[in-house]
Amino acid sequence: MKKFLFVLCLLPTSVLAATDNNCLTMETVPEGELTLQQIIELGLCRNPETASAYLSLESARFNKNAGYAQYLPSVSASGSASLPYRNQEWSDWSYGASISASYLIFDFGKRLSDVNQLIDTWRATGFDYSESVQNYVYGIIGAYYALLNADADVITAQAVKDVSQTAKNTADTKFKAGAVAKADVLKADVTLSSSILDLERAKNNREIAKGNLLAKLSFPADQDIKIADMPSDFGSESENKSIDDLIATAREKRPDLLRASANKDAAWHRRNSAFLSNLPSISASGSLSWNNIPSDVFNAGQDEWSGSIGIRASMPIFAGFSNMYNVRSAQANYEKAKEQERLTTDNAMLDVFTAYQNYKTAQMVLTQTDTLLASAKESEKVTAGMYKVGKATMLDWQTALADLADAHKQNNAAKYDLFTKRAALALAIGDIKEGLMEGEVDE
C-alpha cells in the first residue's frame, strides 16, 4: 500500500534569524525580488512579538542558572565603625569586621527539586518561544500567499480586460459592416466596463494584501515590495505522509505538547519541593571577626580576633498549617497540569487530523480547478471564433468570458490555498522548517 511522504517548509526556531546585521534599523524594504525564506528571516528579525518571547526565554534561563546557587556556599562580610557617647562625652572610635559562611549539607533533595522545577520551567518557556515563532511564520506565509494570489488575480483581470476589449473592437467592426445589431455593441461595452471594474478591484485587493504583508514585517504599508512566486510542483501529492506519521511527528515536535509536558514535570517537582520543605535540613557554618575597641569602652579587653564553626539542624514544627496547605495546593496544581497535558494532546491530535483533511481536499480542488480553467480557456477561444464568423452571439461570448474569469480566480485561489493549507499542516505538527527537501514515495 502506498504511503505518502510529507516534507514541510520549516524555519529554525532556536535563534532569531536576520537577513543582515542592520535589519532592525531598516526604514525601507530591501530592493529586488524576495523569496519566502528571505521574507521570513526579515520578519523574524524585526518582529517585536517573537523578540519579546525570546527575552522571556532568556529570563527563564537566568532564573534556572540562579537556582544552582543553592549548591554553593553562602558567604557574607560586614564592617562597622562607631563613636560611643557616654556621660556627655565622646569616646574613641571603635572598629570591627566579620566574615561568615554557611553551606547546606543535606535537605532530603529539596534543592534538587527546586532546580529541576526551574529547568522544566525554562524548557516550557523555550517551547512557548518556539510556538510564538512558528505562529508568526505561519502568519507571514499566509500573507505572502495572499499577495501572490492578489498578484495573480490582477494579471487575470488584465487578461480578461484585454479579451473584452477585443470583443468590443470585433463588435464595432461587425456593426459598421452591418453584420450585427447595435445590441451586440452595447453588450460588448457592458462586458468591457465590467472587466475594467474587476481590474480596479483586483488592484485594490493587491494593495491591501501588500500592506498586510508589510505590516507583518514592521514596515509602513504604503511602501512597495516584490516577492517571488512558488514552484508549480510545490505541494504535490508525492510529498504527502500518512496521518499516523504526521501524528507521530506532532507528538515529538509540536511545541504546545512539549510545553504541557514540561509544565507537568515542573509541577511535579514543585509538589516534591513543598513536601520536602517540612523535613529537616543540615547546614555547616563558620565565622571570623575582628574588633578594635578602646580600653575605656564597655566590653573592652575582649579578644581582637574571634571565630566559630558549627553544624546546624533545623526543622519546621508548626506554621499555622500553612505547610500542609502548601503541599495540598502543589498536589492539586500537579493534577491540574496532568489534565492540561491530556487536553492539549486531544486538541493537538484533532488539529493534525483537520489540517491533514483540509490539505488533501485542497489538492483535489486544485486538480479540479486546473481542469475547469483548461475547459474555460478552450470554450472562450471557440466561442470567440464562432462569433467572428457569425455562428455565436455576443451573449455567448460574454458568458464564455465570465466563465473564463471565474475559472481563473478559482484556480488562483485553489493554488495559493493549497500552499496555505500545507503551511497549516506544518504548523499543526509543529514542523515549520527552512527550505524544502525532496521526498520519496514508499510502496
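Placed above this text is the structure.
Below you will find a few notes about this structure. (Residues numbered from 1 in each chain as written. Predicted model: local features only at pLDDT ≥ 70, side-chain atom pairs only at ≥ 80, totals over all residues. Heavy atoms only, no water.)

**Observations concerning the overall build of the protein chain**
Working step 1: Each helix and strand in the protein chain was counted, giving eight helices and eight strands.
Working step 2: Expressed as a percentage of the 443 residues in the protein chain, the buried residues total 39%.
Working step 3: Counting contacts in the protein chain only where the partners sit at least 6 residues apart, residues at least 24 apart contribute 81% of the total. (Helix = DSSP H or I, 4+ residues; strand = E, 2+ residues; numbered from the N terminus. Buried < 20%, exposed > 50% of the residue type's maximum accessible area, 1.4 Å probe, protein only. Contact = heavy atoms within 4.5 Å.)

**As for a nonpolar patch on the surface**
Working step 1: On the surface, Y103, I105, F106, F108, I282 and I311 cluster together into a nonpolar patch covering about 560 Å² of accessible area.
Working step 2: Here the element with the most residues in the nonpolar patch is strand β5 (residues 94-106); it accounts for three residues.
Working step 3: With respect to the secondary-structure elements, Y103 resides in strand β5. (Patch = residues over 30% accessible without salt bridge, like charges linked within 9 Å, V, L, I, M, F, W, Y side chains within 5 Å. Areas by Shrake-Rupley, 256 points an atom, 1.4 Å probe, with all protein chains shown as cover. Salt bridge = Lys/Arg side-chain N within 4 Å of Asp/Glu carboxyl O.)

**Quick notes on empty space enclosed by the protein**
Working step 1: Counted by the stated rule, this structure contains two cavities of 30 Å³ or more.
Working step 2: Taken as a whole, the second largest cavity encloses approximately 30 Å³ of empty space.
Working step 3: Taken together, T156, A157, V160, D198, A405 and K409 form the lining of the second largest cavity.
Working step 4: Going through the elements one at a time, α3 (110-176) and α8 (394-428) are the ones with two or more residues in the lining of the second largest cavity.
Working step 5: Considering every element that reaches the lining of the second largest cavity, the biggest residue donor is α3, with three residues. (1 Å grid on protein atoms, 1.4 Å probe; cavity = no way out; pocket = protein on both sides within 12 Å on 5 of 7 lines; lining within 4 Å. Points joined across faces, edges and corners; volume = space filled by probe spheres on them.)

**What to know about the pattern of salt bridges**
Working step 1: Across all of its chains, the model carries 19 salt bridges by this definition.
Working step 2: A salt bridge links D151 to R206, with the shortest nitrogen-to-oxygen separation between them at 4.0 Å. Residue D151 is found in helix α3, and its partner R206 is found in helix α4 (residues 182-216); the two are separated by 55 residues along the sequence.
Working step 3: We classify D151 as partly exposed; its relative accessible area is 24%.
Working step 4: Assessed through its relative accessible area of 27%, R206 is described here as partly exposed.
Working step 5: Its salt-bridge partner being K415, residue D229 comes within 3.6 Å of it at the nearest N-O pair. Here the residue D229 occupies a position in the loop between β6 (226-227) and α5 (243-253), and K415 occupies one in helix α8, the gap between them amounting to 186 residues.
Working step 6: Under the relative-accessibility criterion, D229 is labelled partly exposed at 44%.
Working step 7: Connected via shared salt-bridge partners are D120, R123 and D265.

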